[in-house]
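Letter by letter, the chains look like this.
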Amino acid sequence: MSISRAKNYYLGQNGSNRMNCAQAVICAFKENFNLKDELIELFRAYGGGNAPDGLCGAFFAAKYILENNKSDDYIELEKFFIEHAGSLKCRDIKGLRKLSCVGCVEKSAEFLGKLG
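Basis of the calculations
Throughout this description, residue numbers start from 1 for each chain and increase along the sequence as written. Whole-chain, interface and lining totals are the exception, using all residues; otherwise, since this is a predicted model, local features are given only for residues with pLDDT of at least 70 and side-chain atom pairs are given and counted only at 80 or more. As a convention, hydrogens and water are excluded, and side-chain values are obtained from all of the structure's heavy atoms. Axes, fitted as lines to C-alpha atoms, cover a helix only where it is in contact. Angles between the N-to-C directions of the axes lie from 0 to 180 degrees. Strands are runs of DSSP state E lasting at least two residues, helices are runs of H or I lasting at least four, and both sets are numbered from the N terminus onward. Note on convention: near helix rotated counterclockwise from far helix by under a right angle means a left-handed crossing. Clockwise means right-handed. For this analysis, residues touch if any pair of their heavy atoms sits within 4.5 Å. Polarity classes work like this: nonpolar for Ala, Val, Leu, Ile, Met, Phe, Trp, Tyr, Cys and Pro, charged for Asp, Glu, Lys and Arg, and polar for all others, with Gly in that last group. Working rule for helices: expected span equals 1.5 Å times residues minus one. Under the scheme applied here, a residue whose accessible area is under 20% of the maximum for its type counts as buried, over 50% as exposed, and between as partly exposed, the area being computed with a 1.4 Å probe on protein chains only.

1. Points about the packing of helix α2 (residues 21-28) against helix α4 (residues 57-68)
Step number 1: Two elements in contact, α2 and α4, have axes whose closest approach is 7 Å; the angle formed by their N-to-C orientations is 35°. Handedness of the α2/α4 crossing: right-handed. Residues Cys 21, Ala 22, Val 25 and Ile 26 of α2 lie in contact with α4, whose contacting residues are Gly 57, Ala 58, Ala 61, Ala 62, Tyr 64 and Ile 65.
Step number 2: The residue inventory of the contact of α2 with α4, partitioned by class, reads 9 nonpolar, 1 polar and no charged.

Here you go:
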């Protein structure tokens, strides 16, 4: 369910406002992980390859959620994401063409969905 919610936020479908990849992941999991609404606006800056160190925004949002919920699962998230996307960096992911932006949102949501 959270995968389709994240995808809907990213694509602006089914009555959802369109968001960037990082915002879509934050918004889809705000109830599951007790995230504040202010984070959605804050993560507007992290889409399109603008997350710190050029990280994928969807990955960055998922990692943020895990780290701020005192979860050590972010190491597993990194492995999972690299397996599917080929990299953690937006530019590299786009160049490899293993996973689209919406695919990155879906994979981040898939991983988080297993936890919460």
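Having seen the structure, we can now continue with the description.
2. Quick look at α4
Step number 1: With 12 residues, α4 ought to run about 16 Å at 1.5 Å a step, and its terminal C-alpha atoms sit 16 Å apart, in line with that.
Step number 2: Turning to α4, its buried residues number three or more, namely Gly 57, Ala 58, Phe 59, Phe 60, Ala 61, Ala 62, Lys 63, Ile 65 and Leu 66.
Step number 3: Lys 70 sits one or two residues past α4 and shows a positive phi near 50°.

3. Description of the packing of helix α5 (residues 74-85) against helix α7 (residues 101-115)
Step number 1: Packing of α5 against α7 brings their axes to within 11 Å, and their N-to-C directions diverge by 145°. Judged by the twist between their axes, the crossing of α5 over α7 is right-handed. In this structure, α5 contributes Glu 76, Leu 77, Phe 80, Phe 81 and His 84 to the contact, and α7 contributes Cys 104, Lys 107, Ser 108, Glu 110, Phe 111 and Lys 114.
Step number 2: Counted by class, the contact of α5 with α7 contains 5 nonpolar, 2 polar and 4 charged residues.

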